[in-house]
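Residues per chain, in single letters:
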Amino acid sequence: MSSVITDAFQEWNVNKILASEPAVPDQMIFALIPGQDASDEIDPGEGMPADAHISHAHTITRMGKVSENAVVYSVVLDSSIGNWSYNWVGLADSATGTVLMIVHCEEQQKIKTSGGQQGNSLIRNMVMEFAGAAEATQISVTPETWQIDYSERHAGSDERVRAENIDVYGVAAFDGDGFLVTAADGKFNVAPGLGYVHGLRCHAAAVTSPGPLANATKVWVDATWQGTPTGAWSVTYSLRVAPELENYEKDGFQHYVFAIAQTDAAGNITDLRPPFPLQALEQVVDELDVYSKDESDKRYLHRANNLSDIDDKQKARENLGIYSAEEVDKRCPHRVGDVFLTSSAVNPAESWPGTQWSDMSGNYSARTIMIGAEPLQTGGSDNVTLSVDNIPSHGHPLTGLKTKKAGGHKHGYDKYQKGGTQDSTRVSVDNTRLGIEQDDTQEAGEHDHELEGEIGKTGGDKPFSVVSSFVTLRGWLRTA
């Protein structure tokens with residue numbers, strides 16, 4: 001790929017400076033030139049391609065100051081733009097049609113998303129370098145303020161994956177005998193296999209040795225995630241022997257360490273590798289003495305069999321306090337429907353397992369027992385109030401009575417005269433009436449007089465208890 005600033009730029013730039021205008025191109029042109037060789041040197045006198053060869057013209061998206069003598073122009077072509085190919089890119093001033101800079105490249109495609117096919121996105125940057133470029137273009141913003149830095153995003157994605165692996169495998173985990181440390185021929189041997197160290201996937205294709213045997217030390221896996229900004233990244237690891245190690249950073253890359261084995265003073269090796277989570281669970285199951293289905297069928301009862309697989313059913317019922325209906329009736333002296341009177345509040349079923357009883361104190365509390373042909377019928381009352389028909393015949397003395405008023409009438413009386421005045425109230429000193437005449441009041445006819453008044457009241461109209469002296473017992477009715 002080659003590039004050149006055109007001869008036309010020189011005159012265009014001078015004119016911009018003389019006019020006190022910023023010398024800034026506003027378009028990036030993409031063209032497909034037939035027969036073009038990207039390795040050939042570009043003629044500075046080359047101009048705008050023919051319209052038939054121009055694939056796309058795009059307004060400059062961003063521009064920035066790289067240095068005092070260099071500026072960068074960028075366009076972003078998202079997946080909505082396409083479909084076309086190009087091998088020629090140029091910076092141009094649309095107002096004058098002047099091509100200022102040209103780049104020849106290998107043919108490339110710009111594809112847009114359509115019909116279920118995912119398109120591509122392109123970011124093209126072109127740097128123009130000439131004396132006083134920043135001043136001539138009047139650009140002061142540096143590209144770091146707007147150009148997209150994907151390295152931070154990629155690093156964040158890598159760290160997220162590492163953290164998710166730790167969530168699954170823990171700080172470290174190894175598959176089966178992978179990375180198992182043994183001793184042979186005076187040196188440590190590490191078995192091939194798979195393991196995770198701090199979320200980094202380490203795979204050993206063959207047996208490796210970190211060095212000669214040593215006492216009172218440890219064997220470590222040292223894993224790191226490395227690559228270049230434009231190249232592929234991968235996990236690399238090494239095996240190290242040291243009493244102690246810690247995570248560290250070297251050449252800009254983070255290293256994570258984990259001890260997979262240790263030796264004591266006598267050289268005995270202890271395995272420190274945690275197993276994969278599922279394998280750890282299998283170990284726990286084995287330690288719990290869990291049986292296979294065939295073994296479980298022989299050792300345990302099956303719910304679907306409803307206890308039919310018990311060898312001694314009668315003994316089992318006795319141990320559980322469960323009896324058949326016939327056995328229950330033999331053990332309990334009370335038939336269904338019998339009432340059991342007791343001073344205990346304990347349900348009789350505790351004494352006679354398999355029976356069922358109803359506490360009668362709820363519905364029949366404080367009832368007098370009456371023998372009859374219809375059991376459990378209720379009636380009667382604890383309190384009564386007497387009516388007239390319920391008391392003996394008797395009388396009451398009359399006091400404070402008077403006749404009832406009969407209206408105006410006359411009665412007979414004695415009268416005499418004194419000084420020509422009638423006076424019926426005077427008598428002589430010797431009780432002899434003076435000038436007496438007998439006379440009667442006007443006759444009112446034969447009639448009666450009624451007495452009015454009432455005899456004294458008594459009584460409070462209150463009911464009284466007819467409950468005899470009693471002792472309370474608990475009644476239990478056998479229902480089954």
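Look a little higher up for the structure.
Report on the accompanying structure.

Parameters at a glance
Residues numbered from 1 in each chain as written. Predicted model: local features only at pLDDT ≥ 70, side-chain atom pairs only at ≥ 80, totals over all residues. Heavy atoms only, no water. Helix = DSSP H or I, 4+ residues; strand = E, 2+ residues; numbered from the N terminus. Buried < 20%, exposed > 50% of the residue type's maximum accessible area, 1.4 Å probe, protein only. Contact = heavy atoms within 4.5 Å. Areas by Shrake-Rupley, 256 points an atom, 1.4 Å probe, with all protein chains shown as cover. Phe/Tyr/Trp six-rings, centres within 6.5 Å; stacked < 30°, edge-to-face > 60°. Salt bridge = Lys/Arg side-chain N within 4 Å of Asp/Glu carboxyl O. Pairing = 2+ DSSP bridges. Axes fitted to C-alpha atoms, helices over the stretch in contact; angles between N-to-C directions. Arc of directions from axis to C-beta. Patch = residues over 30% accessible without salt bridge, like charges linked within 9 Å, V, L, I, M, F, W, Y side chains within 5 Å. Core = buried A, V, L, I, M, F, W, Y, C linked by side-chain atoms within 4.5 Å. Polar contact = N/O pair within 3.5 Å; in protein donor to acceptor, adjacent residues only side chain to side chain.

If you tally the helices and strands in the protein chain, you get seven helices and 29 strands. Residues counted as buried form 26% of the 480 residues belonging to the protein chain. Counting only contacts in the protein chain whose residues sit at least 6 apart along the sequence, the fraction spanning at least 24 positions is 66%. Of the roughly 32,500 Å² of accessible surface on the protein chain, 49% is carried by carbon and sulfur atoms.

Scanning the model with the defined rule gives 16 aromatic pairs in all. Consider the rings of Phe340 and Trp352, whose centres lie 5.8 Å apart with planes at 75°: the pair is edge-to-face. In this pair, Phe340 sits in strand β20 (residues 339-342) while Trp352 sits in the loop between β20 and β21 (357-359), placing the two residues twelve residues apart along the sequence. Judged by centre distance (6.0 Å) and plane angle (35°), the rings of Trp352 and Trp357 are tilted. A residue is classified by how much of its surface remains accessible, and Trp352, at 17% relative accessible area, is buried. Looking at Trp357, the relative accessible area reads 9%, which means it is buried. Taken together, the ring pairs connect Phe174, Phe179, Tyr237 and Phe258 into an aromatic cluster.

Another point: the pattern of salt bridges. Under the definition given, this model contains nine salt bridges. Residue Arg160 pairs with Glu164 through a salt bridge whose shortest N-O separation is 3.1 Å. With Arg160 and Glu164 both in helix α3 (residues 150-169) and four residues apart, the pair spans about one turn of that helix. Among the ionic pairs, Asp338 bridges to Arg335, the shortest N-O distance being 3.8 Å.

Take the sheet that holds strand β8 (residues 122-129) next. One open sheet accounts for three strands, arranged β4-β5-β8; its pairing is antiparallel. Edge positions in the sheet fall to β4 (62-67) and β8, since each has one partner strand and no second. The average undirected angle you get between the axes of adjacent strands in this sheet is 25°. Bridge count for strand β5 (residues 70-77) against β8 is eight bridges, and the pairing is antiparallel. When the bridges of β8 are listed, Tyr73 appears paired with Met126.

So, about helix α1 (residues 7-18). Among the residues of α1, those classed as buried are Phe9, Trp12, Asn13 and Lys16. Down the axis of α1, the smallest arc covering the buried residues is 100°, so these residues share one side. More than 90 degrees from the buried face of α1, the exposed residues found are Glu11 and Leu18.

Below, the discussion takes up unusual backbone geometry. Residue Gly82 is joined to Asn83 through a cis peptide bond whose omega torsion reads 0°. Looking at the secondary structure, you find Asn83 in the loop between β5 and β6 (84-93). Phi angles above zero are rare outside glycine, and His198 is one such case at about 50°. Locating His198 in the fold gives a position in the loop between β12 (193-197) and β13 (200-204). Backbone geometry at Ala216 places phi at a positive 55°, although glycine is not the residue there. Among the secondary structure elements, Ala216 is positioned in the loop between β14 (208-212) and β15 (218-226).

Another aspect to go through is the environment of Trp12. Along the polypeptide, Trp12 turns up in helix α1. Each C-alpha atom, one on Trp12 and one on Thr98, is 7.7 Å from the other, the two residues being 86 residues apart in sequence. Residues within four places of Trp12 in sequence aside, it is in contact with Ala23, Val24, Pro25, Asp93, Thr96, Thr98 and Leu100.

The next thing to look at is the sheet that holds strand β9 (residues 172-174). In a beta sheet, neighbouring strands are held together by backbone hydrogen bonds and run either parallel or antiparallel to one another. Taken together, three strands build an open sheet; the order of strands is β9-β12-β13 and the sheet is antiparallel. Strand pairing shows two members of the sheet lacking a second neighbour, β9 and β13, which therefore form its edges. Averaged over neighbouring strand pairs, the angle between their axes works out to 15° when direction is ignored. Taken together, the five bridges between β12 and β13 define a ladder with antiparallel strand orientation. Looking at the pairing, Gly195 lines up with Cys202 of β13.

Nonpolar side chains collect at one region of the surface, where Val339, Leu341, Ile369, Ile371 and Leu473 lie side by side and expose about 540 Å² of accessible area between them. Within the secondary structure, Ile371 sits in the loop between β21 and β22 (383-384).

With that settled, the discussion passes to the nonpolar core. Residues Met28, Phe30, Leu91 and Met128 are the most contacted members of the largest nonpolar core, which totals 26 residues. Only α1, β2 (27-31), β5, β6, β7 (98-110), β8 and α2 (133-137) provide two or more residues apiece to this core. The contacts of Phe30, once residues within four sequence positions are left out, are Ile54, Ser55, His56, Val75, Leu77, Trp84, Tyr86, Trp88, Val89 and Arg124. One finds Phe174, Phe188, Tyr256 and Phe258 within the second-largest nonpolar core, a separate group that totals 18 residues.

A few words on the environment of Ser80. Take Ser80: it is sitting in the loop between β5 and β6. Under the relative-accessibility criterion, Ser80 is labelled exposed at 55%. Taking the C-alpha atoms as reference points, Ser80 and Ser114, separated by 34 residues in sequence, lie 8.4 Å from one another. Polar contacts involving the side chain of Ser80 include one to the side chain of Asp78, which spans 2.5 Å.

Take the side chain of His198 next. For His198, a relative accessible area of 13% translates into the label buried. Ignoring sequence-local partners within four residues, the contact set of His198 consists of Arg162, Ile166, Val171, Asn247, Tyr256 and Val257.

This paragraph deals with the side chain of Lys218. Turning to its location among the elements, Lys218 is positioned in strand β15. Accessibility expressed as a relative area gives 18% for Lys218, which makes it buried. Within the structure, Lys218 has its side chain in polar contact with the side chain of Glu244 (distance 3.1 Å). For Lys218, the contacting residues outside a window of four places in its chain are Arg240, Val241, Ala242, Pro243, Glu244, Ala259, Ala261 and Gln262.

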